[in-house]
Amino acid sequence: MALPTYASPLERIWHWAYIAICVAIFFFLIAPIVVVIPLSFNAEPYFTFTEKMRSFDPEGYSLRWYDTLLTFGMANPDAPRTGSWWADAWNNARWIGAAKNSIIIGIFSTILATVLGTLAALGLSRPEMPFRRIIMAILISPMIVPIIITATGMFFFYSSACVDTTSTFGRLLAPVLSNSGCLANTYLGVILAHATLGIPFVIITVTATLIGFDQSLNRAAASLGANPRTTFFKVTMPLILPGVISGALFAFVTSFDEVVAALFIAGPDQQTIPRQMWNGIREQISPAILAVATLLVIFSIALLATVELLRRRGERLRGLTPA
């Protein structure tokens, strides 16, 4: 924004100093992310810029680490890339398996967190709700309490949450429980843990949307004969939908990026991308991790752009900004 002509020299100095400070802070925050992207195209197995990369020699750049994401863990990675090769990659490649687990766990935990978080936000938005502040504090506590404490508590709880697999109820739940009949080291346990971590984000975003919601619309719908179910799906839901979707996206990103709870609760079959990255750092440091990080950065940017578009759409629907 341009300074007015009547600005004093001191105001002009502060204006440009403020811009310089903002640029420095932005560079400090974004530099570690930006550096990762070119390093993921390094032709050598190093985490530094080689001489060829600094001189922009094409031989210094390669897609080998992105190819490693497809081949690492395969039974026969050097075979011709036919249908059987892709089947081998789909079934055996570790990074692809981790991506599948992250997507499956993320989708189901997002659905669970969105449903429960939206219902909680609707209840907490009602003025006659008793102990609203206490309940809100409890529900968003997973976002405030250090994740290591939450993950430890989940581990002990899921390890003790067991059923007798020989009983009728146990046989029904056997497909989603571990061999010992407990929630630990199961897909269901990881999904419930990630849903717990995602619910606070849904509650906050939906609650923020409900602040600008005109409750008289619900009363008008009821006066015209609409039952509560019709009122919710025809009046309330379309107006709070941007907040619900934004909360769902935050819950999905939380699940997709979570590693601490996965280390405590997930078993060998529930390896997610963050846990696979953690294992890769511990076992074999490879620039393939940088390739994964680059893909995750692009994925995160796309999600943030979606959230921003939804926020603007929600403001237009509530009449806060012009269309």
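Residues numbered from 1 in each chain as written. Predicted model: local features only at pLDDT ≥ 70, side-chain atom pairs only at ≥ 80, totals over all residues. Heavy atoms only, no water.

- The name an unreviewed UniProt entry assigns to the protein is Putative spermidine/putrescine transport system permease protein, from the organism Paracoccus chinensis.
- Taken directly from UniProt, the Sequence similarities (unreviewed entry) text for the protein runs: "Belongs to the binding-protein-dependent transport system permease family." (UniProt positions renumbered as here; feature names shortened; annotations may be inferred.)

## Topic: the overall build of the protein
Logical step 1: Within the protein, the regular secondary structure consists of 15 helices and zero strands.
Logical step 2: If you line up the protein on its principal axes, its C-alpha atoms span 80 × 70 × 40 Å.
Logical step 3: Scored against the burial criterion, the 323 residues of the protein give a buried share of 36%.
Logical step 4: The contacts in the protein between residues at least 6 apart in sequence include a share of 59% that link residues at least 24 apart.
Logical step 5: Element-wise, carbon and sulfur atoms account for 70% of the exposed surface of the protein, whose accessible area totals about 19400 Å².
Logical step 6: Mean positive and mean negative side-chain charge positions of the protein (21 and 17 charges, respectively) differ by 12 Å. (Helix = DSSP H or I, 4+ residues; strand = E, 2+ residues; numbered from the N terminus. Buried < 20%, exposed > 50% of the residue type's maximum accessible area, 1.4 Å probe, protein only. Contact = heavy atoms within 4.5 Å. Areas by Shrake-Rupley, 256 points an atom, 1.4 Å probe, with all protein chains shown as cover. Lys, Arg positive; Asp, Glu negative; His and termini not counted. Charge placed at Lys NZ, Arg CZ, Asp CG, Glu CD.)

## Focus: the pattern of salt bridges
Logical step 1: The full count for this structure, using the stated rule, is three salt bridges.
Logical step 2: Here arginine 54 makes a salt bridge to glutamate 51, at a shortest N to O gap of 2.8 Å. You can see arginine 54 and its partner glutamate 51 sitting in helix 2 (residues 51–54), three residues apart, about one turn around the helix.
Logical step 3: Across the salt bridge formed by glutamate 59 and lysine 52, the nearest N and O atoms sit 3.3 Å from each other. (Salt bridge = Lys/Arg side-chain N within 4 Å of Asp/Glu carboxyl O.)

## Here's the deal with the packing of helix 5 (residues 94–124) against helix 14 (residues 273–283)
When two helices pack together, their arrangement is given by the angle between their axes and by how far apart the axes lie.
Logical step 1: At their nearest, the axes of helix 5 and helix 14 sit 8 Å apart, and the two run at 145 degrees to each other. When helix 5 is examined against helix 14, the residues Arg94, Trp95, Ala98, Ala99 and Ser102 are found in contact with a partner set consisting of Ile273, Pro274, Gln276, Met277 and Glu283.
Logical step 2: Residues of the contact of helix 5 with helix 14, tallied by class, amount to six nonpolar, two polar and two charged. (Axes fitted to C-alpha atoms, helices over the stretch in contact; angles between N-to-C directions. Nonpolar A, V, L, I, M, F, W, Y, C, P; charged D, E, K, R; others polar.)

## Comments concerning the packing of aromatic side chains
Logical step 1: Evaluated as defined, the whole model comprises eleven aromatic pairs.
Logical step 2: Taking the centre distance of 6.1 Å and the plane angle of 45 degrees together, the rings of tryptophan 14 and tyrosine 18 count as tilted. One end of the pair is tryptophan 14 and the other is tyrosine 18, both in helix 1 (residues 9–39) and four residues apart, which spans about a single turn.
Logical step 3: On the accessibility criterion, tryptophan 14 (53% relative accessible area) is exposed.
Logical step 4: Looking at tyrosine 18, the relative accessible area reads 46%, which means it is partly exposed.
Logical step 5: The positively charged end of lysine 100 is found above the aromatic ring belonging to tryptophan 90, 4.4 Å away from the centroid. (Phe/Tyr/Trp six-rings, centres within 6.5 Å; stacked < 30°, edge-to-face > 60°. Lys NZ or Arg CZ within 6 Å of the ring centre and 35° of its normal.)

## A look at the confidence of the model for the protein
Logical step 1: For the protein, the mean per-residue pLDDT works out to 84, and 91% of the residues sit at or above 70.
Logical step 2: Per-element confidence in the protein ranges from a low mean pLDDT of 65 for helix 9 (residues 168–173) to a high of 92 for helix 5. (pLDDT = per-residue confidence, 0-100.)

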